[in-house]
Amino acid sequence: MNITKKNIWVILAFLFPGLLIYIYLVLYPIGQSVVLSTFKWDTLASSRFVGLENYVTVFESRLFWKSFTNSLIFMVATTALQVIIGFILGYLVYLQLKGYRFFKVMYFVPTVLPSVAVGFIWNYIYSPGMGLLKPFMVAIGQAENYMPPLASPTLALIAIIIAQTWHSCGVQVILFNSGFMSMPNEVIESATIDGAGGIKMIYHMVIPLSWDIIKMVIILQAVGALRSFDLVYVMTGGGPNHSTELLPLHLFVNSFQNFNLGYGNVIAVLIFVLAMTITLGLRKIMYKESIY
Amino acid sequence: MGILNLLSKKSSKDNSPEPNPQLKIGSKVTLRLIYLFLAFCALIVLLPLVWLFFSSLKTQADLTTNTWGPPKIWVFANYAKAWTGAKINIYLTNSIFVTFLSIIITVVTVTPISFVLARYKFKAKKFIYYIAIAGMMIPIHSAIIPIYMMVGKWDMYNNLGALSLIYGAFRISISIFILESFMSSIPRELEECAFIDGCSIWKLFTSIIVPLSKDGIVTIAVLTVLACWNELLVSMLLLNRPELKTLPIGLIGFITEFNSEYTQLAAGIMIAIIPSILFYIFAQENIEKGMIAGAIKG
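Residues numbered from 1 in each chain as written. Chains lettered and ligands numbered in written order. Predicted model: local features only at pLDDT ≥ 70, side-chain atom pairs only at ≥ 80, totals over all residues.

Moving on, we get to the overall build of chain B. Within chain B, the regular secondary structure consists of 14 helices and zero strands. Mapped from its N terminus to its C terminus, chain B presents α and β elements in the order α-α-α-α-α-α-α-α-α-α-α-α-α-α. Oriented by its inertia axes, the alpha-carbon framework of chain B measures out at about 75 × 65 × 35 Å. Considering only contacts within chain B whose residues lie at least 6 apart along the sequence, 77% involve residues at least 24 apart. (Helix = DSSP H or I, 4+ residues; strand = E, 2+ residues; numbered from the N terminus. Contact = placed C-beta atoms within 7 Å.)

For the rest of this paragraph, the subject is the overall build of chain A. Assigned secondary structure in chain A consists of 13 helices and two strands. In summary, chain A has a C-alpha radius of gyration of 24 Å against a globular reference of 19 Å for 292 residues, an excess of more than 25%. Across the 292 residues of chain A, 43% fall into the buried class. Sequence-distant contacts in chain A: of pairs separated by 6 or more residues, those separated by 24 or more amount to 69%. (Rg over C-alpha atoms; globule rule 2.2 N^0.38 Å. Buried ≥ 20, exposed ≤ 12 C-beta atoms within 10 Å, placed from the backbone.)

A separate point is the interface of chain B and chain A. Listed by partner, the interface residues are 74 residues for chain B and 76 residues for chain A. Top element by residues in the side of chain B that touches chain A is helix α14 (residues 262–295) of chain B. It accounts for 13 residues. Partitioning the side of chain B that touches chain A into residue classes produces 58 nonpolar, 12 polar and four charged. (Nonpolar A, V, L, I, M, F, W, Y, C, P; charged D, E, K, R; others polar.)

Here we come to helix α7 (residues 144–154) of chain B. Note: α-helices contain 3.6 residues per turn, so residues at a spacing of three or four share the same orientation. Burial in α7(B) covers these residues: I144(B), I145(B), P146(B), I147(B) and V151(B). A positive backbone phi angle near 65° is found at D155(B), which sits one or two residues after α7(B).

Counting 155 residues, the largest nonpolar core has A117(A), I121(A), I160(A), L175(A), I267(A), I144(B) and I269(B) as its most contacted members. Sort the elements by how many residues they give to this core and α14(B) lands first, with 15 residues. Excluding residues within four positions of it along the chain, L175(A) makes contact with I213(A), V217(A), M291(B), I292(B) and A295(B). (Core = buried A, V, L, I, M, F, W, Y, C linked by C-beta atoms within 7 Å.)

Another point: the confidence of the model for chain B. All names here are of chain B. For chain B, mean pLDDT is 84; residues scoring 70 or higher make up 91% of the total. Across residues 1–20 the pLDDT falls below 50, and counting only partners more than four positions away or on other chains, this stretch makes 21 contacts in the model. Predicted as a complex, the structure gets a pTM of 0.88 and an ipTM equal to 0.88. (pLDDT = per-residue confidence, 0-100.)

Turning next to the packing of helix α3 (residues 62–94) of chain A against helix α7 (residues 156–181) of chain A. All names here are of chain A. In the contact formed by α3 and α7, the axes pass within 6 Å of each other and the chain directions differ by 40°. The angle between α3 and α7 places the two elements in the oblique class. Crossing geometry of α3 relative to α7 is assigned as right-handed. Considering only residue class, the contact of α3 with α7 consists of 18 nonpolar, 10 polar and no charged. (Axes fitted to C-alpha atoms, helices over the stretch in contact; angles between N-to-C directions. Parallel < 35°, antiparallel > 145°, perpendicular 65-115°, else oblique. Left-handed = near helix turned anticlockwise from the far one by under 90°.)

Our focus in this paragraph is unusual backbone geometry. Trans peptide bonds make up most of the peptide bonds, and negative phi angles are found at most residues other than glycine. All names here are of chain A. The phi angle at Q96 is positive, at roughly 55°, despite the residue not being glycine. As for its placement among the helices and strands, Q96 is situated in the loop between α3 and α4 (100–112). Positive phi is not limited to glycine here, since H242 has a value of about 60°. Considering the arrangement of structural elements, one finds H242 in the loop between α11 (230–235) and α12 (247–257).

The next point concerns the packing of α3(A) against helix α10 (residues 211–226) of chain A. Residues and elements named next belong to chain A. Where α3 meets α10, the axes come as close as 9 Å, and the angle between the chain directions of the two elements is 145°. Here α3 runs over α10; the crossing is right-handed. From α3, S71, F74, M75, T78, T79, Q82, V83 and G86 reach across to α10, where they touch V217, I218, Q221, A222, A225 and L226. Grouping the amino acids of the contact of α3 with α10 by side-chain chemistry returns eight nonpolar, six polar and no charged.

This part takes up the confidence of the model for chain A. Mean pLDDT over chain A: 87, with 95% of residues reaching 70 or higher. Here helix α8 (residues 185–193) of chain A is the element of chain A with the lowest mean pLDDT, 74, and α3(A) is the one with the highest, 93.

All names here are of chain B. Residue position: E191 is located in helix α9 (residues 189–196). According to the C-beta neighbour criterion, E191 is partly exposed, with 18 such atoms within 10 Å. Spatially, the C-alpha atom of E191 lies 62 Å from that of P71, the residues being 120 residues apart in sequence.

Now the structure itself:
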């Protein structure tokens, strides 16, 4: 329909409240954090413009680079794990063997749980006091190799990656499954008649046909991993010795515990830039003409 | 929740086309291996939850000696202690209030915008649409410090309404993304007829478009529930009075307080996850649909 003079006011009234809230509470704060990243707070009440000084401080900070590296490791590992597991399970569910609905519903359960609760559950699984990990190690005869993973600087991040994968892999299963469901039936059918099956089928037909969805799942997951805060906060608080400090937690600690708001805003801007770069970069790398 | 369930059940069958893939599994061995793998993954998913459930009903002594099995004596008192000791009822009430208010804010603001963007042609339309959905790419962490300062300026810390408003605002982008594409698929003849009959925009919106978009609106509401119910960072920064805590922050406080009484901790976590599981049981189809719609433009 076209907008006419008669109805323009109604339409503006329709757009106004939502866009106002959105601009004021989402877009404006983003802009604001760019501005604030150039200020320094001497006390909580007084701040002054310092240009790029905060950026220099951040880039010279050893802890920033540590949390940056942690974030990258976390991102690559969770994305790889979840995309691979999600793809396999999504495909197996797509085969619609007897009882596939049960599996599909089950795999999604952890995703709906509050991440705080998931963090605590895995805390206890790993803990020496009551956990499952220690008895499991005893059962497979590796008792002497057990140590609380969350207390070890080398294992803690891996332990959190596992918990995160358990928590959110269900989304990938659902997304892949829906992607496979929308592949054209006739193509798959004729490929089967031509004798394609199993791995060959997946490699030559399924992956190219569902490339769009694979691309999208990877991007969503990679950018999502960049925002991960809850599990780390609950499970380790960034420790031991900052070995699990991801960028959002680094931001949180510096802004709201050390009250270094300028520094925190620089991290905020960097998270934003990183999210954009990863989205656009991955899109470019994985660009491929659609088959149809 | 019940209402959501009813809506979802009705549309569940016709909305999920079930192509019958012509992929026959060749040998019996392969088929068995596939089932084994599927079952193994299901076990990994369920084991922590079953274990948590069992632990929540054990005695402390039973817990340390009997890791894998069900409780020898079922101690329901753990739940009573966790419930009274932790004020979980207060956190639940707060979370329900915040979630409910966020849904209202999201639906009331997003529905008219999506209607205009989906049904009208005008110059700035594309621009407004892209600005509106750009927020999907914005991590809330990037805005959290200015939001924290802004709420401070309003003198609105410890205000569940302010928290809901921020939640609502951050749901707008993805909800427009979903609802706009939903509304675009409603046949246009309907409103032409309505106009010939002399129907006003408001009437068209409330009595034709909104009822027809019911499924889409339910979807954005369901996704809002998941997001708001589980949110930690913002609520942690904006609320610090114990009687206003939402479930995630309340749970953290509870865990710190009960520290080493594992069985009661397990009971507390169980109480905290039961609402989510119930919600999943009732709204499973809608959650699934929403996840797909939020990720793929379709």
